Amino acid sequence: MITVEPPGTRARRLRWALSDTFVIAGRSYARLRAQPGQIAAELVAPVIMTILFGYVFGSAISLPGGGDYRNYLMPGIFMQVMALSAVAAATSVAEDMARGIIDRFRVQPIARGALLAGRSLADLSKDWLSLAVMAVCGLLIAGWRPRGTPLETLAGFALLALFGYAMIWLGTYIGLFVRSGAQADAATFGWLFPMTFLANAFVPLEGLPGWLRAIADWNPMSAVVSAARELFGNPGSAAASWPLRHPVTASLCWSLLIIAVFGPLAVRRYRTATSR
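Residues numbered from 1 in each chain as written. Predicted model: local features only at pLDDT ≥ 70, side-chain atom pairs only at ≥ 80, totals over all residues. Heavy atoms only, no water.

The protein chain is annotated in an unreviewed UniProt entry as Transport permease protein of Microbispora maris.

Quick look at the structure:
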(Lines give C-alpha, C1' and ligand atoms only; values in the text may rest on other atoms or scores of the structure.)
Protein backbone atom coordinates (compact mmCIF):
# COMPACT_ATOMS: atom_id res chain seq x y z
CA MET A 1 0.00 0.00 0.00
CA ILE A 2 1.36 3.42 -0.96
CA THR A 3 1.41 5.95 1.83
CA VAL A 4 1.36 9.59 0.87
CA GLU A 5 1.98 12.29 3.42
CA PRO A 6 -0.77 14.92 3.36
CA PRO A 7 0.13 18.59 2.89
CA GLY A 8 1.50 20.17 6.04
CA THR A 9 -0.99 22.84 7.05
CA ARG A 10 -4.55 22.15 8.10
CA ALA A 11 -5.94 24.29 5.27
CA ARG A 12 -3.93 22.36 2.70
CA ARG A 13 -5.02 19.04 4.14
CA LEU A 14 -8.63 20.18 3.95
CA ARG A 15 -8.26 21.28 0.32
CA TRP A 16 -6.56 17.98 -0.48
CA ALA A 17 -9.37 15.98 1.11
CA LEU A 18 -12.08 18.04 -0.60
CA SER A 19 -10.38 17.73 -3.98
CA ASP A 20 -10.16 13.94 -3.64
CA THR A 21 -13.77 13.79 -2.47
CA PHE A 22 -14.98 15.59 -5.59
CA VAL A 23 -12.85 13.35 -7.82
CA ILE A 24 -14.47 10.26 -6.31
CA ALA A 25 -17.89 11.86 -6.66
CA GLY A 26 -17.12 12.52 -10.33
CA ARG A 27 -16.29 8.85 -10.81
CA SER A 28 -19.64 7.93 -9.29
CA TYR A 29 -21.43 10.36 -11.62
CA ALA A 30 -19.68 8.74 -14.58
CA ARG A 31 -20.89 5.32 -13.44
CA LEU A 32 -24.45 6.61 -13.21
CA ARG A 33 -24.27 8.00 -16.75
CA ALA A 34 -23.03 4.62 -17.94
CA GLN A 35 -25.96 2.82 -16.27
CA PRO A 36 -29.11 4.72 -17.28
CA GLY A 37 -31.18 1.56 -16.88
CA GLN A 38 -30.37 1.41 -13.17
CA ILE A 39 -31.45 5.01 -12.65
CA ALA A 40 -34.63 4.44 -14.63
CA ALA A 41 -35.50 1.36 -12.55
CA GLU A 42 -35.02 3.27 -9.31
CA LEU A 43 -37.26 6.09 -10.54
CA VAL A 44 -39.99 3.87 -12.00
CA ALA A 45 -40.68 2.02 -8.73
CA PRO A 46 -41.95 5.13 -6.87
CA VAL A 47 -44.15 6.01 -9.84
CA ILE A 48 -45.71 2.56 -9.65
CA MET A 49 -46.22 3.00 -5.90
CA THR A 50 -47.92 6.33 -6.54
CA ILE A 51 -50.35 4.83 -9.01
CA LEU A 52 -50.94 1.70 -6.94
CA PHE A 53 -51.65 3.43 -3.65
CA GLY A 54 -53.07 6.66 -5.00
CA TYR A 55 -55.61 5.15 -7.37
CA VAL A 56 -56.02 1.45 -6.57
CA PHE A 57 -55.78 1.30 -2.77
CA GLY A 58 -56.46 4.98 -2.19
CA SER A 59 -60.09 4.64 -3.20
CA ALA A 60 -60.64 2.37 -0.18
CA ILE A 61 -58.67 4.45 2.35
CA SER A 62 -60.27 7.32 4.21
CA LEU A 63 -58.45 9.73 6.47
CA PRO A 64 -59.71 10.46 9.98
CA GLY A 65 -61.02 14.00 9.86
CA GLY A 66 -61.13 13.99 6.07
CA GLY A 67 -58.64 15.31 3.53
CA ASP A 68 -57.37 14.22 0.14
CA TYR A 69 -55.57 10.88 0.40
CA ARG A 70 -53.15 11.53 -2.46
CA ASN A 71 -51.90 14.69 -0.76
CA TYR A 72 -51.47 12.56 2.37
CA LEU A 73 -49.69 9.86 0.38
CA MET A 74 -46.98 11.76 -1.49
CA PRO A 75 -44.81 12.74 1.52
CA GLY A 76 -44.85 9.05 2.50
CA ILE A 77 -43.58 8.00 -0.93
CA PHE A 78 -40.92 10.73 -0.82
CA MET A 79 -39.74 9.31 2.50
CA GLN A 80 -39.74 5.73 1.21
CA VAL A 81 -37.55 6.70 -1.75
CA MET A 82 -35.08 8.41 0.61
CA ALA A 83 -35.08 5.47 3.03
CA LEU A 84 -34.37 2.96 0.28
CA SER A 85 -31.31 4.94 -0.81
CA ALA A 86 -29.57 2.83 1.85
CA VAL A 87 -30.09 -0.23 -0.35
CA ALA A 88 -28.38 1.37 -3.37
CA ALA A 89 -25.49 2.62 -1.21
CA ALA A 90 -24.94 -0.78 0.43
CA THR A 91 -25.10 -2.62 -2.89
CA SER A 92 -22.67 -0.34 -4.72
CA VAL A 93 -20.13 -0.36 -1.87
CA ALA A 94 -20.31 -4.15 -1.60
CA GLU A 95 -19.86 -4.56 -5.35
CA ASP A 96 -16.82 -2.29 -5.36
CA MET A 97 -15.33 -4.28 -2.49
CA ALA A 98 -16.00 -7.58 -4.26
CA ARG A 99 -14.51 -6.41 -7.57
CA GLY A 100 -11.37 -5.10 -5.91
CA ILE A 101 -12.01 -1.49 -6.83
CA ILE A 102 -11.49 -0.44 -3.23
CA ASP A 103 -8.09 -2.17 -3.28
CA ARG A 104 -7.10 -0.12 -6.33
CA PHE A 105 -7.90 3.07 -4.47
CA ARG A 106 -5.73 1.92 -1.60
CA VAL A 107 -2.61 2.32 -3.71
CA GLN A 108 -3.60 5.77 -4.93
CA PRO A 109 -2.44 8.98 -3.22
CA ILE A 110 -5.89 9.99 -2.00
CA ALA A 111 -7.02 11.36 1.34
CA ARG A 112 -8.42 8.99 3.93
CA GLY A 113 -12.17 8.97 3.93
CA ALA A 114 -12.40 10.67 0.53
CA LEU A 115 -13.76 7.51 -1.09
CA LEU A 116 -16.73 7.20 1.26
CA ALA A 117 -17.35 10.95 1.35
CA GLY A 118 -17.28 11.18 -2.45
CA ARG A 119 -19.64 8.26 -2.86
CA SER A 120 -22.06 9.70 -0.32
CA LEU A 121 -21.98 13.06 -2.12
CA ALA A 122 -22.82 11.41 -5.44
CA ASP A 123 -25.61 9.38 -3.84
CA LEU A 124 -27.01 12.55 -2.27
CA SER A 125 -27.13 14.14 -5.72
CA LYS A 126 -29.07 11.14 -6.95
CA ASP A 127 -31.48 11.58 -4.03
CA TRP A 128 -32.15 15.15 -5.15
CA LEU A 129 -32.83 13.86 -8.66
CA SER A 130 -35.22 11.25 -7.28
CA LEU A 131 -37.06 13.88 -5.23
CA ALA A 132 -37.37 16.15 -8.26
CA VAL A 133 -38.76 13.36 -10.44
CA MET A 134 -41.16 12.27 -7.70
CA ALA A 135 -42.36 15.84 -7.14
CA VAL A 136 -43.16 16.16 -10.85
CA CYS A 137 -44.85 12.75 -10.75
CA GLY A 138 -46.92 13.81 -7.76
CA LEU A 139 -47.95 17.07 -9.41
CA LEU A 140 -48.86 15.54 -12.77
CA ILE A 141 -50.14 12.08 -11.87
CA ALA A 142 -51.41 12.18 -8.30
CA GLY A 143 -52.62 15.78 -8.17
CA TRP A 144 -50.38 16.47 -5.17
CA ARG A 145 -50.11 20.09 -4.16
CA PRO A 146 -47.84 21.58 -1.49
CA ARG A 147 -49.89 24.09 0.51
CA GLY A 148 -47.04 25.64 2.48
CA THR A 149 -45.00 28.67 1.54
CA PRO A 150 -42.17 28.24 -1.00
CA LEU A 151 -39.66 28.39 1.86
CA GLU A 152 -41.55 25.71 3.81
CA THR A 153 -41.75 23.51 0.72
CA LEU A 154 -38.01 23.85 0.14
CA ALA A 155 -37.40 23.06 3.82
CA GLY A 156 -39.54 19.94 3.47
CA PHE A 157 -37.45 18.66 0.56
CA ALA A 158 -34.23 19.57 2.38
CA LEU A 159 -35.39 17.58 5.41
CA LEU A 160 -36.15 14.58 3.19
CA ALA A 161 -32.73 14.86 1.53
CA LEU A 162 -31.02 15.01 4.93
CA PHE A 163 -32.80 11.80 5.92
CA GLY A 164 -31.72 10.24 2.63
CA TYR A 165 -28.12 11.25 3.33
CA ALA A 166 -28.34 9.62 6.75
CA MET A 167 -29.64 6.41 5.19
CA ILE A 168 -26.77 6.48 2.68
CA TRP A 169 -24.27 6.27 5.57
CA LEU A 170 -26.27 3.46 7.15
CA GLY A 171 -26.23 1.56 3.85
CA THR A 172 -22.53 2.24 3.36
CA TYR A 173 -21.77 0.75 6.76
CA ILE A 174 -23.77 -2.39 5.98
CA GLY A 175 -22.20 -2.73 2.53
CA LEU A 176 -18.70 -2.87 4.05
CA PHE A 177 -19.61 -6.04 5.96
CA VAL A 178 -20.96 -8.24 3.17
CA ARG A 179 -19.27 -10.00 0.28
CA SER A 180 -21.51 -9.20 -2.68
CA GLY A 181 -24.15 -6.84 -3.96
CA ALA A 182 -26.81 -9.53 -3.56
CA GLN A 183 -25.96 -9.97 0.10
CA ALA A 184 -26.02 -6.20 0.60
CA ASP A 185 -29.45 -5.99 -1.01
CA ALA A 186 -30.77 -8.73 1.26
CA ALA A 187 -29.16 -7.19 4.35
CA THR A 188 -30.86 -3.82 3.79
CA PHE A 189 -34.02 -4.22 1.72
CA GLY A 190 -35.20 -7.24 3.74
CA TRP A 191 -35.86 -5.17 6.87
CA LEU A 192 -35.91 -1.60 5.55
CA PHE A 193 -38.82 -2.00 3.14
CA PRO A 194 -41.17 -3.40 5.83
CA MET A 195 -40.08 -0.58 8.15
CA THR A 196 -41.37 1.98 5.65
CA PHE A 197 -44.81 0.39 6.02
CA LEU A 198 -44.54 0.29 9.82
CA ALA A 199 -44.85 4.06 9.76
CA ASN A 200 -47.48 6.61 8.86
CA ALA A 201 -46.37 6.75 5.24
CA PHE A 202 -49.38 5.11 3.60
CA VAL A 203 -52.11 4.73 6.22
CA PRO A 204 -52.92 6.53 9.48
CA LEU A 205 -51.67 4.90 12.66
CA GLU A 206 -54.91 5.17 14.62
CA GLY A 207 -56.03 1.65 13.71
CA LEU A 208 -52.88 -0.11 14.93
CA PRO A 209 -52.81 -2.11 18.18
CA GLY A 210 -51.35 -0.15 21.08
CA TRP A 211 -47.98 -1.92 21.20
CA LEU A 212 -47.51 -1.72 17.44
CA ARG A 213 -48.52 1.93 17.31
CA ALA A 214 -45.89 2.75 19.93
CA ILE A 215 -43.25 1.27 17.62
CA ALA A 216 -44.64 3.13 14.62
CA ASP A 217 -44.80 6.41 16.54
CA TRP A 218 -41.10 6.20 17.41
CA ASN A 219 -40.08 4.93 13.98
CA PRO A 220 -37.79 7.67 12.57
CA MET A 221 -39.60 7.35 9.26
CA SER A 222 -42.88 8.41 10.87
CA ALA A 223 -41.27 11.62 12.11
CA VAL A 224 -39.83 12.37 8.66
CA VAL A 225 -43.19 11.83 6.96
CA SER A 226 -45.03 13.94 9.53
CA ALA A 227 -42.44 16.72 9.19
CA ALA A 228 -42.79 16.70 5.40
CA ARG A 229 -46.59 16.84 5.66
CA GLU A 230 -46.39 19.72 8.11
CA LEU A 231 -44.01 21.73 5.91
CA PHE A 232 -45.90 20.92 2.71
CA GLY A 233 -49.22 21.78 4.35
CA ASN A 234 -50.62 18.33 3.54
CA PRO A 235 -53.11 16.44 5.75
CA GLY A 236 -51.69 14.42 8.63
CA SER A 237 -52.75 12.07 11.40
CA ALA A 238 -53.54 12.62 15.05
CA ALA A 239 -50.31 12.81 17.05
CA ALA A 240 -50.04 11.20 20.48
CA SER A 241 -46.29 10.73 20.91
CA TRP A 242 -43.60 13.40 21.22
CA PRO A 243 -41.91 12.67 17.83
CA LEU A 244 -45.17 13.20 15.96
CA ARG A 245 -46.15 16.30 17.95
CA HIS A 246 -42.76 17.85 17.10
CA PRO A 247 -41.96 16.12 13.79
CA VAL A 248 -39.52 18.66 12.35
CA THR A 249 -37.35 18.63 15.47
CA ALA A 250 -37.64 14.85 15.80
CA SER A 251 -36.73 14.16 12.16
CA LEU A 252 -33.73 16.48 12.38
CA CYS A 253 -32.57 14.71 15.53
CA TRP A 254 -33.04 11.26 14.03
CA SER A 255 -31.19 12.13 10.80
CA LEU A 256 -28.27 13.80 12.55
CA LEU A 257 -28.05 10.93 15.04
CA ILE A 258 -27.88 8.34 12.25
CA ILE A 259 -25.14 10.34 10.50
CA ALA A 260 -23.22 10.85 13.75
CA VAL A 261 -23.33 7.11 14.53
CA PHE A 262 -22.94 5.40 11.17
CA GLY A 263 -20.66 7.94 9.48
CA PRO A 264 -17.72 7.32 11.86
CA LEU A 265 -18.55 3.61 12.05
CA ALA A 266 -18.45 3.35 8.24
CA VAL A 267 -15.09 5.15 8.08
CA ARG A 268 -13.67 2.92 10.81
CA ARG A 269 -14.97 -0.20 9.09
CA TYR A 270 -13.52 0.97 5.78
CA ARG A 271 -10.10 1.45 7.31
CA THR A 272 -10.27 -1.97 8.92
CA ALA A 273 -11.41 -3.68 5.73
CA THR A 274 -8.72 -2.04 3.61
CA SER A 275 -5.85 -2.60 6.04
CA ARG A 276 -5.75 -6.34 5.50
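Following the structure, the description resumes.
**Considerations on helix α10 (residues 220-232)**
Between the first and last C-alpha of α10 there are 18 Å, a value that for 13 residues agrees with the 18 Å anticipated at 1.5 Å per step. Within α10, twelve of the 13 residues are buried, leaving the element largely enclosed by the surrounding structure. Residues of α10 that are buried: Pro220, Met221, Ser222, Ala223, Val224, Val225, Ser226, Ala227, Ala228, Arg229, Leu231 and Phe232. Its buried side turned inward, α10 meets α3 (69-83), α7 (150-175), α8 (181-197), α9 (210-217), α11 (242-245) and α12 (247-273). A positive backbone phi angle near 75 degrees is found at glycine 233, which sits one or two residues after α10. (Helix = DSSP H or I, 4+ residues; strand = E, 2+ residues; numbered from the N terminus. Expected span 1.5 Å × (residues − 1). Buried < 20%, exposed > 50% of the residue type's maximum accessible area, 1.4 Å probe, protein only. Contact = heavy atoms within 4.5 Å.)

**Side note on the UniProt feature "transmembrane region" (unreviewed entry) in the protein chain**
Those residues carrying the UniProt feature "transmembrane region" (unreviewed entry) are residues 39-61, 73-94, 128-145, 157-178, 190-212 and 248-267 in this numbering. Helix makes up 83% of residues 128-145 and strand 0%, with an end-to-end C-alpha separation of 19 Å. (UniProt positions renumbered as here; feature names shortened; annotations may be inferred.)

**Here's the deal with the side chain of aspartate 123**
Relative to the helices and strands, aspartate 123 is located in helix α6 (residues 114-142). Buried within the structure, aspartate 123 lacks any salt-bridge partner; its nearest side chain of opposite charge belongs to lysine 126, at an N-O separation of 4.5 Å. Apart from residues lying up to four places away in sequence, aspartate 123 is in contact with Ala89 and Ile168. (Lys, Arg positive; Asp, Glu negative; His and termini not counted. Salt bridge = Lys/Arg side-chain N within 4 Å of Asp/Glu carboxyl O.)

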